[in-house]
Amino acid sequence: MDRMLYVAMTGARQTMQAQAVNANNIANVNTTGFRQDLAAMRSMPVYGPGMPSRVYGMTEKPGTDLNSGSLMTTGRSLDVALKGQGWIAVQGQDGNEAYTRAGDLQVTSTGLLQTGAGHLVMGNAGPISLPPSSKIEIGGDGTISMVAQGDEAADMQEVDRIKLVNPPTDALYKGEDGLMRLAEGEQAEADANVRLAVGSLESSNVNIAEALVNMIDLARQFEMQVKMMKTAERNDQKAAQIMQLS
């Protein structure tokens, strides 16, 4: 009896966690450059005194789906999307270097270049800071050129270059802030082969139809686990009645 109840209880709990992962993916279906999380379950034996005859369900987070999203043309000069593999280097809230595919760039009132989420974009020597300008252009290799305020339109000058990297995908992990990082705080080297599509953004790689089907499937799994717990309760009550009769 206890085996049935324990398996059903842990299965329901882990199904709720898998549903939370799926719900987060759905919530970020319109987030630029978002990479959906993956969740899976497996049976784990319970170790302790005696033989490991009990098992429980455990939700795992094996990784992140790094497949590319679709490109959306915006025509905005500060919108960039990566062509194929690669990442834009940014500064995380912890001050360490991290990586993103979100290219919705903007310039703050103090001249700092950042993503739409507020992460500072890294250049040749740290976060990119731009002087007041009347025009800014970003090249396919990440080069930033600008016309300073008061200068002629022909006086375009190169001021910095966005750090573009392409580390091995198996060396990356996704943090709680949604940014990708290398293990132990390492920094990837700039890769000149990574190219940008200017005037475009990359959409999330979440398949909304698949995510909604998965949400329904997880809800049904949870209902099944709850029914199993109720069945275990009824069996326990019947067994207690039989013991009273004897």
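Residues numbered from 1 in each chain as written. Predicted model: local features only at pLDDT ≥ 70, side-chain atom pairs only at ≥ 80, totals over all residues. Heavy atoms only, no water.

On to the pattern of salt bridges, then. Under the defined criterion, the tally for this structure stands at 8 salt bridges. Here Lys174 ties to Asp37 by a salt bridge, and the two come within 3.4 Å at their closest N and O atoms. Separated by 137 residues along the polypeptide, Lys174 in strand S15 (residues 172-174) and Asp37 in strand S1 (residues 37-45) bring together distant segments of the chain. Accessibility classification places Lys174 together with Asp37 in one group, the buried group. A salt bridge links Lys163 to Glu97; the nearest nitrogen and oxygen atoms lie 3.0 Å apart. One end of the pair, Lys163, is in the loop between strand S13 (157-161) and strand S14 (164-165); the other, Glu97, is in strand S6 (residues 97-100), and 66 residues separate them in sequence. Residue class for Lys163 comes out buried when judged on its relative accessible area of 13%. Here the salt bridges do not stand alone but share partners, grouping Arg35, Arg101 and Glu202 into one network. (Salt bridge = Lys/Arg side-chain N within 4 Å of Asp/Glu carboxyl O. Helix = DSSP H or I, 4+ residues; strand = E, 2+ residues; numbered from the N terminus. Buried < 20%, exposed > 50% of the residue type's maximum accessible area, 1.4 Å probe, protein only.)

Take the layout of surface pockets next. Computed from the structure, the largest pocket encloses a volume of approximately 470 Å³. At the level of elements, helix H1 (2-27), strand S5 (87-91) and S6 are the ones that each hand at least two residues to the lining of the largest pocket. Here the second largest pocket defines a volume of roughly 280 Å³. For the second largest pocket, the lining is made up of 15 residues, of which Asn22, Asn25, Asp37, Ala39 and Asn214 are closest to its centre. Only H1, S1 and helix H2 (208-245) provide two or more residues apiece to the lining of the second largest pocket. Among the elements that line the lining of the second largest pocket, the one with the most residues is S1, at 5 residues. Classifying every residue of the lining of the second largest pocket by side-chain character gives 8 nonpolar, 5 polar and 2 charged. (1 Å grid on protein atoms, 1.4 Å probe; cavity = no way out; pocket = protein on both sides within 12 Å on 5 of 7 lines; lining within 4 Å. Points joined across faces, edges and corners; volume = space filled by probe spheres on them. Nonpolar A, V, L, I, M, F, W, Y, C, P; charged D, E, K, R; others polar.)

Once that is clear, we can look at the sheet that holds strand S12 (residues 143-148). The strand order across the open sheet formed by 3 strands is S11-S12-S13, and the pairing between neighbours is antiparallel. Strand pairing shows two members of the sheet lacking a second neighbour, strand S11 (133-138) and S13, which therefore form its edges. Across the sheet, the mean angle separating the axes of adjacent strands is 30 degrees when strand polarity is ignored. With 5 bridges connecting them, S11 and S12 associate as antiparallel partners. (Pairing = 2+ DSSP bridges. Axes fitted to C-alpha atoms, helices over the stretch in contact; angles between N-to-C directions.)

So, about H2. Taking 1.5 Å of rise per residue, 38 residues should cover 56 Å, and H2 covers 56 Å from first to last C-alpha, within 8% of that figure. Every buried residue of H2 is accounted for by Ala211, Leu218, Gln225 and Ala232. Looking at where H2 begins, the residue whose side-chain oxygen comes 3.2 Å from the main-chain nitrogen of Ala209 is Asn207. (Expected span 1.5 Å × (residues − 1). Polar contact = N/O pair within 3.5 Å; in protein donor to acceptor, adjacent residues only side chain to side chain.)

We classify Lys174 as buried; its relative accessible area is 13%. In terms of polar contacts, Lys174 uses its side chain to reach the backbone carbonyl oxygen of Arg35, at 2.5 Å. A polar atom in the side chain of Lys174 sits 3.4 Å from the side chain of Asp37.

A few words now on the environment of Ile144. With respect to the helices, strands and loops of the structure, Ile144 is situated in strand S12. Judged by relative accessible area, which is 1%, Ile144 ranks as buried.

Going through the model one piece at a time under the given rule, you end up with 1 cavity of 30 Å³ or more. Looking at the largest cavity, its volume works out to about 50 Å³. As for the largest cavity, its lining consists of Arg35, Leu66, Ser68, Gln85, Gly86, Trp87, Arg101 and Thr169. Residues that form the lining of the largest cavity fall into these classes: 2 nonpolar, 4 polar and 2 charged.

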